[in-house]
Amino acid sequence: MLITLPHGLIDGLDLFDIVEIDELRGKQQNYLADKELVVNNIGHIPKILEDLVISFQTKEGLKWKGKVSDAIWKITSSDIETILIKLRENTYGPEFYHEAQCPECNKKLKNLRLDLDTLKIDKLSLENIISSKIVILPKSKLEVEFKAMYLKDMFEALKIVTKNNSKLVTSSIALGIKRLGNKTSITSEDIEQIPARDLMFLNEEHEKIKVDGSIDNNIELSCNNPNCKKEFSIKLNCLDPNFFVPSRG
Ligand SMILES: [Zn+2]
């Protein structure tokens, strides 16, 4: 199956944003059953991507010459999510059944059907990909360069949520920054030093400057309890190993 990524892999002047993927086989079922890889972790993801991404190509069909095992660490989180969703689609078909709980009356809604082939991809243009992602903080006058999230950051983000709750805010902000002044490899401690006024500006600018494309993983639902009918939305979690459970198709 050939898919178009929302961001793509940049190498020199070429944009490799078409990916050829295989389907899940027995070997990958072992990863999904491996507790060390999946419990409070997303260790199955690089393994699945490494096995099942066949090639990265340009629109003209030029194939990326490097190793797929390297490429998966150079693509953004929207590309990773897109590949995972399309891997499920290519393996079991587009129909995906899931459950949700109404936030109003707590009713469990079962057998909700989502057609994975209808999820819209918002593609980041090449112009946007190569444009400057730099802003200057108004108070400290420091230059900040934003970046997209990569696979390494996705592992970090999971660690932040599961273990390091006291630094949730500053750690999360650090993941989106490539450079602060002259410093790269930004940590939570660097963000802790930023004046609050600068931080507010930084958050506002980060929303405006597009660093990545997306695949629309918002699922709009309405409660089927006739006394409730609450409308709400949930996010499709394709990073969860349960996303690949065959019976959900
Ligand atoms: Zn309800």
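What counts, and where the lines are drawn
- Residues numbered from 1 in each chain as written.
- Predicted model: local features only at pLDDT ≥ 70, side-chain atom pairs only at ≥ 80, totals over all residues.
- Helix = DSSP H or I, 4+ residues; strand = E, 2+ residues; numbered from the N terminus.
- Rg over C-alpha atoms; globule rule 2.2 N^0.38 Å.
- Buried ≥ 20, exposed ≤ 12 C-beta atoms within 10 Å, placed from the backbone.
- Contact = placed C-beta atoms within 7 Å.
- Axes fitted to C-alpha atoms, helices over the stretch in contact; angles between N-to-C directions.
- Parallel < 35°, antiparallel > 145°, perpendicular 65-115°, else oblique.
- Pairing = 2+ DSSP bridges.
- Domains from an automatic or database assignment.
- Nonpolar A, V, L, I, M, F, W, Y, C, P; charged D, E, K, R; others polar.

With respect to the overall build of the chain
Scanning the chain for helices and strands turns up 10 helices and 13 strands. Since a compact globule built from 249 residues should have a radius of gyration of about 18 Å, the 20 Å found for the chain is in line with a globular shape. When its C-alpha atoms are laid out on the principal axes, the chain stretches across 55 × 55 × 35 Å. Here the chain holds 249 residues, and the buried ones make up 23% of them. The long-range fraction of contacts in the chain, counting pairs at least 24 apart against all pairs at least 6 apart in sequence, stands at 65%.

Side note on the packing of helix α1 (residues 26-33) against helix α3 (residues 44-52)
Two numbers describe how α1 lies on α3: the axes approach to 9 Å, and their chain directions differ by 170°. If you check the angle between α1 and α3, you find them roughly antiparallel. Across from K27, Q28, Y31 and L32 in α1, the residues of α3 making contact are H44, K47, I48 and D51.

Quick word on the sheet that holds strand β2 (residues 14-21)
If you trace the three strands from one edge of the open sheet to the other, you get β1-β2-β3, paired in antiparallel fashion. With one partner strand each, in any of the chains shown, β1 (2-11) and β3 (53-57) form the two edges of the open sheet. Across the sheet, the mean angle from the axis of one strand to that of its neighbour is 30°, orientation sign disregarded. The pairing of β1 with β2 spans six bridges and is classified as antiparallel. Paired with D11 across the strands is D14, a residue of β2. Where helix α5 (residues 77-92) meets the sheet, it contacts β1, β2 and β3, and its direction lies at approximately 150° from that of β1.

Points about the environment of T58
Positionally, T58 belongs in the loop between β3 and α4 (68-71). Exposure remark for T58: the 16 C-beta atoms within 10 Å place this residue in the partly exposed category. C-alpha of T58 to C-alpha of I18: the two residues are 40 residues apart in sequence and 6.0 Å apart in space. With residues near it in sequence (within four places) discarded, T58 still touches D14, L15, F16 and I18.

Describing the environment of E20
With respect to the element layout, E20 can be found in strand β2. Apart from residues lying up to four places away in sequence, E20 is in contact with L2, I54, S55 and Q57.

Concerning the pairing of strand β4 (residues 95-101)
Both β4 and strand β5 (residues 108-115) contribute to a ladder of six bridges, which runs antiparallel. Across the sheet, the residue bridging to F96 is L114, located in β5. In sequence, β4 turns back onto β5 through a hairpin of six residues, with N106 there showing a positive phi of about 65°.

With respect to the sheet that holds strand β9 (residues 177-180)
Strands sit in the order β7-β8-β9-β10 across an open sheet of four strands; the sheet is antiparallel. Two strands lie at the open edges of the sheet, namely β7 (134-136) and β10 (183-184), each paired on one side alone. Two elements, β9 and β10, share two bridges in a ladder whose sense is antiparallel. Bridge pairing in β10 links L180 to K183.

Overview of the domain arrangement of the chain
Accessible area lost on assembly of the parts is the figure often given for the size of an interface. For the chain, the assigned domains read domain 1 (2-122 + 214-248) and domain 2 (126-208). Distance from the C-alpha centre of domain 1 to the C-alpha centre of domain 2: 25 Å. Across the boundary between the two partners, domain 1 contributes 11 residues, which contact 11 residues of domain 2. Elements with a minimum of two residues in the side of domain 1 that touches domain 2: β1 and α5. Tallied by class, residues from the side of domain 1 that touches domain 2 come to seven nonpolar, four polar and no charged.

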